Amino acid sequence: MNAAPSFAVVVPFFNEGGNVEAVCEELKLVLAADYPDAEAILIDDGSTDETGQILDEFACRWPAARVHHLRTNRGQSGALLFGFKQTNAPVLVTMDGDGQNDPRDIPKLLALLVDTDMVVGVRMDRKDSWARRTLSRVAHLYRRRWLGAWGSDSGCALQVFRRD
């Protein structure tokens, strides 16, 4: 039986044909350089463009990558949950397939996981629309006031946490 990877990076993609190659190449460089025992779980979340085909082609050149195709779009949370079930790694890393998360930040987040169960990234140079940023600010205020939640960017997809 194969040993569990040290960690798995789970990345959902939905109609990201223009970003797939760059995101996967950057992730591959980070993992190959420092984490040869890690794996990448790449999820095609029911895309209707060339995302799935590009993921399959990339995975042929990267043995640490496993691609899964969902027939219908389940949304980011649904695709991530599916991806978590595809690995037995003790540590999970999530990032978005839209290119807004830099895989080079993964080692920094992993280093912070030593004394905690979860580390959440922060989007510094968001490429979201004005409406999306405004909605995010309102949600942040709501979480802070009513839920007592702290943190500056709970919506950042770049996260590292222990499976348990």
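This section reports on the structure supplied with the text. Because the structure is predicted, anything quoted here is derived from the model rather than measured.

Criteria and cut-off values
- Within each chain, residues carry numbers counting from 1 in the order of the written sequence.
- Note on the predicted model: pLDDT of at least 70 is required for a residue's local features to be given, and 80 or more for side-chain atom pairs to be given and counted; whole-chain, interface and lining totals, by contrast, use all residues.
- Hydrogens and water molecules were not included; the side-chain quantities draw on all heavy atoms of the structure.
- Note on exposure labels: buried denotes an accessible area under 20% of the residue type's maximum, exposed denotes more than 50%, and partly exposed covers the range between, all computed with a 1.4 Å probe on protein chains only.
- Secondary structure counts use DSSP, requiring at least four H or I residues in a row for a helix and at least two E residues in a row for a strand, with both numbered from the N terminus.
- Strands pair, by our definition, only if DSSP identifies at least two bridges between them.
- The path from the first strand over the helix to the second decides the hand: if it runs clockwise while the strands point away from the viewer, the crossover is right-handed.
- What counts as an axis is a line fitted to C-alpha atoms, over the stretch in contact for a helix, and the angles between N-to-C directions run from 0 to 180 degrees.
- Angle categories are assigned with fixed cut-offs, so that under 35 degrees is roughly parallel, over 145 is roughly antiparallel, 65 to 115 is roughly perpendicular, and the rest are oblique.
- Each crossing is labelled by how the near helix is turned from the far one, with a counterclockwise turn of less than a right angle marking it left-handed and a clockwise turn marking it right-handed.
- Contact between two residues is taken to exist if any of their heavy atoms lie within 4.5 Å; hydrogens are not considered.
- Three classes are used, and their members are as follows: Ala, Val, Leu, Ile, Met, Phe, Trp, Tyr, Cys and Pro are nonpolar, Asp, Glu, Lys and Arg are charged, and the others, Gly among them, are polar.
- Of all possible arcs, the one meant is that of the directions from the helix axis to the C-beta atoms.
- Salt bridges are identified by distance alone: a Lys or Arg side-chain nitrogen within 4 Å of an Asp or Glu carboxyl oxygen.

### Considering the pairing of strand 1 (residues 8–13)
Put simply, side chains in a regular strand alternate between the two faces of the sheet. Within strand 1, six of the six residues are buried, which leaves the element mostly enclosed by the surrounding structure. Here strand 1 shows no split at all, with Ala8, Val10 and Pro12 on one side and Val9, Val11 and Phe13 on the other all buried. Pairing analysis gives six bridges linking strand 1 to strand 2 (residues 39–45), with the strands arranged parallel. Residue pairing for strand 2: Val11 is matched across the bridge by Leu42. Crossover strand 1 to strand 2 through helix 1 (residues 20–34) is right-handed. Here strand 1 pairs with strand 4 (residues 91–94) via three bridges, running parallel. Counted as the bridge partner of Ala8 is Leu92 from strand 4.

### A look at the packing of helix 1 against helix 2 (residues 51–60)
Remark: helix 1 packs on helix 2, axes separated minimally by 10 Å, with the N-to-C direction vectors making an angle of 30°. On the basis of the axis angle, helix 1 is roughly parallel to helix 2. Regarding helix 1 and helix 2, the two cross each other, and that crossing is right-handed. Contact residues: helix 1 offers Val20, Glu21, Cys24, Glu25 and Lys28, while helix 2 offers Thr51, Ile54, Leu55 and Phe58. Here the contact of helix 1 with helix 2 is composed, by residue class, of five nonpolar, one polar and three charged.

### Some points on helix 3 (residues 75–84)
One full turn of an α-helix is made of 3.6 residues, so residues set three or four places apart face in the same direction. Where helix 3 is concerned, the buried positions are Ala79, Leu80, Gly83 and Phe84. Seen end-on, helix 3 carries its buried residues on one side only, within an arc spanning 140°.

### So, the pairing of strand 2
Counting buried positions along strand 2 gives seven out of seven residues, so the element sits mostly inside the fold. Going residue by residue along strand 2, you find Glu39, Ile41, Ile43 and Asp45 tucked away on one face and Ala40, Leu42 and Asp44 tucked away on the opposite face as well. Inspection of the sheet shows strand 2 paired to strand 3 (residues 65–70) by six bridges, in the parallel sense. Following the sheet pairing, Asp44 is matched in strand 3 by His69. Where the polypeptide runs from strand 2 across helix 2 and back to strand 3, its parallel neighbour, the crossover connection is right-handed.

### Quick look at the pattern of salt bridges
Side chains carrying opposite charge are able to pair once their charged atoms draw close together. Tallied over the full model, the rule gives five salt bridges. Where Glu39 meets Arg66, a salt bridge forms, and the shortest distance between an N and an O atom there is 3.2 Å. Remark: Arg66 occurs in strand 3 and Glu39 occurs in strand 2; sequence separation between them is 27 residues. Judged by its relative accessible area of 12%, Glu39 falls in the buried class. Between Lys108 and Asp105 there is a salt bridge whose closest N-O contact spans 3.1 Å. On the accessibility criterion, Asp105 (26% relative accessible area) is partly exposed.

None of the figures reported here should be taken as evidence of function without further support.
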